[in-house]
Amino acid sequence: MDLLNTLVDKGLRRELPTREEALAVLATSDDELLDVVAAAGKVRRQWFGRRVKLNYLVNLKSGLCPEDCSYCSQRLGSKAEILKYTWLKPDDASKAAAAGVAGGAKRVCLVASGRGPTDKDVDRVSETISTIKEQNEGVEVCACLGLLSDGQAGRLRAAGADAYNHNLNTSEATYGDICTTHDFSDRVSTVQQAQAAGMSACSGLIAGMGESDADLVDVVFALRDLDPDSVPVNFLIPFEGTPLAKEWNLTPQRALRILAMVRFVCPDIEVRLAGGREVHLRSLQPLALHLVNSIFLGDYLTSEGQAGKDDLAMIEDAGFEVEGTDTTTLPEHRRQDSGEAADPAEAADGETGDPAATVPAPSDETRRDLVSVRRRGAGTDLPPNA
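Residues numbered from 1 in each chain as written. Predicted model: local features only at pLDDT ≥ 70, side-chain atom pairs only at ≥ 80, totals over all residues. Heavy atoms only, no water.

Next up on the list: the nonpolar core. Residues Leu156 and Phe235 are the most contacted members of the largest nonpolar core, which totals 101 residues. Ranked by residues supplied to this core, first place goes to helix H10 (residues 252-265) with nine residues. Residues in contact with phenylalanine 235, not counting those within four places in the same chain, are Ile206, Ala207, Leu250, Ala255, Ile258, Leu259, Leu273, Gly275, Gly276, Arg277, His280 and Leu281. Counting residues in hydrophobic clusters, the runner-up holds nine residues, among them Val111, Cys142, Phe296 and Tyr300. (Core = buried A, V, L, I, M, F, W, Y, C linked by side-chain atoms within 4.5 Å. Buried < 20%, exposed > 50% of the residue type's maximum accessible area, 1.4 Å probe, protein only. Helix = DSSP H or I, 4+ residues; strand = E, 2+ residues; numbered from the N terminus. Contact = heavy atoms within 4.5 Å.)

Structure representation (structure tokens):
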């Protein structure tokens, strides 16, 4: 297919596709799916070999958020029966992080619900970061605390935070449809503050909220303009008790096409398969490893993931390998800009439909059996899934 040959050539040269080419990837048919995966896989292997970076979430503070993001089980007014608790103590957070590191995670992501941290919260998280780094040699720490105020990014960086996550989630044009308590520009500003403070920027999207193909391309191109080092791709988890509980718009095939499009637009960026993969990719998860080079291990913030040992088995069975702490993630040309340390051993392996098509209408069938609320790990007395 001429489209895929063009996209592979561009990806190997780190040349961006056009918006029309990105739309065309999303409009390919299911019959062409394996060709799309194979093409994007060539780009993935060029810049990341067959390595898979493992990341582990620690939910420092769960629920009771004052923001009204429609997709979130922790939102204002959510009736989702999730775990709710206030800040974990640094030692408890470190123990949770250690479980992920023991399972193979290279990065620990510290997340807290809320609009953004107070200065006291930044002090608290700074202590947690120090504790985790003292007890887990070589681990990367990413903070995700919401919108940042002036000076807070620098304080987190000084405390040892390697990265900061703040997702754009959807296109600027439709952002007001999913959230009214802050806007798209607030999110962009926070990512830029993290970058200015010397942290690696992590910013991604959520697919499956009823957006059009054009919206998906818009948000991915907006992300590329921000030039983050990692782009998490989440698939909506339709929690009962949230406004988007009935949004079941994704098939495994569409999810793979979305991941392929992101890879073509972000050829040399860490693309992370994030929340909702078990719900929407299901048995096709191993195919996604040909498109992404990073996944979350175990459970998410308020939902359960598959067992950590099953993640590791999936990676091995698919012919990939877990990225160790002695190997840097980003290609050398990106490490020079991000501040990531040099890699001691450079790792590299070396017909479309209507591009304006929108996602199919939601199915009448609600798959409540696919969403499992997290009841273990951080904030409970039960061991975590790692």
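Under the feature "binding site: [4Fe-4S] cluster" (unreviewed entry), the UniProt entry names Cys65, Cys69 and Cys72. With respect to the helices and strands, the residue cysteine 69 is situated in the loop between strand E1 (51-61) and helix H4 (90-102). Looking at cysteine 69, the relative accessible area reads 7%, which means it is buried. With residues up to four places along the chain from it excluded, the contact list for cysteine 69 reads Arg75, Ile178, Cys179, His182 and Arg187. Following the sequence through the fold, cysteine 72 ends up in the loop between E1 and H4. In this view, cysteine 72 contacts Ser78 and Thr242; residues no more than four positions away in its chain are not counted. (UniProt positions renumbered as here; feature names shortened; annotations may be inferred.)

Neither face of strand E8 (residues 270-273) is left uncovered, since the one carrying Glu270 and Arg272 and the one carrying Val271 and Leu273 both have all their residues buried. Bridging between strand E7 (residues 230-235) and E8 involves four bridges; their strand directions are parallel. Opposite proline 232, over in E8, you have arginine 272 as the bridge partner. Crossover connection from E7 via H10 to parallel E8: handedness right-handed. Two elements, E8 and strand E9 (residues 294-296), share two bridges in a ladder whose sense is parallel. When the sheet's bridge partners are listed, leucine 273 is paired in E9 with isoleucine 295. (Pairing = 2+ DSSP bridges. Right-handed = clockwise from strand over helix to strand, strands pointing away.)

It is worth spelling out the pattern of salt bridges at this point. A complete count under the given rule lists 24 salt bridges for this structure. Across the pair arginine 334 and aspartate 229 runs a salt bridge, and its minimum N-O distance is 3.4 Å. Placement of arginine 334 in helix H14 (residues 332-338) and of aspartate 229 in the loop between helix H9 (213-226) and E7 is noted, with a sequence separation of 105 residues between them. Neither arginine 334 nor aspartate 229 differs from the other in exposure class; each is buried. (Salt bridge = Lys/Arg side-chain N within 4 Å of Asp/Glu carboxyl O.)

As a further point, take the side chain of threonine 128. Considering the arrangement of structural elements, one finds threonine 128 in helix H5 (residues 119-135). Discounting residues that sit within four places of it in the chain, threonine 128 has contacts with Leu60, Pro90, Ala93 and Leu110.

Okay, the packing of helix H3 (residues 33-48) against H10 next. Across the interface, H3 lies against H10 with an axial gap of 9 Å and an inter-helix angle of 40°. Seen along the crossing, H3 lies across H10 with a hand that is left-handed. For the pair H3 and H10, contact is made by Leu33, Val36, Ala39, Ala40, Val43, Arg44 and Phe48 and by Gln253, Leu256, Arg257, Ala260, Arg263 and Phe264, respectively. Here the contact of H3 with H10 is built from residues that sort into nine nonpolar, one polar and three charged. (Axes fitted to C-alpha atoms, helices over the stretch in contact; angles between N-to-C directions. Left-handed = near helix turned anticlockwise from the far one by under 90°. Nonpolar A, V, L, I, M, F, W, Y, C, P; charged D, E, K, R; others polar.)

On to the packing of aromatic side chains, then. The full count for this structure, using the stated rule, is two aromatic pairs. Measuring from centroid to centroid gives 6.1 Å for tyrosine 175 and phenylalanine 184, while their planes differ by 70°, and the two rings are edge-to-face. The two residues tyrosine 175 and phenylalanine 184 agree in class, both being buried. Ring centres of phenylalanine 296 and tyrosine 300 lie 6.4 Å apart, and the angle between their planes is 80°; on these two criteria the pair is classed as edge-to-face. There is no split in this pair, since phenylalanine 296 and tyrosine 300 are both buried. (Phe/Tyr/Trp six-rings, centres within 6.5 Å; stacked < 30°, edge-to-face > 60°.)

Another point: the UniProt feature "domain: Radical SAM core" (unreviewed entry) in the chain. UniProt tags residues 47-277 as "domain: Radical SAM core" (unreviewed entry). Segment residues 47-277 splits into 37% helix and 18% strand. End C-alpha atoms: 23 Å apart.

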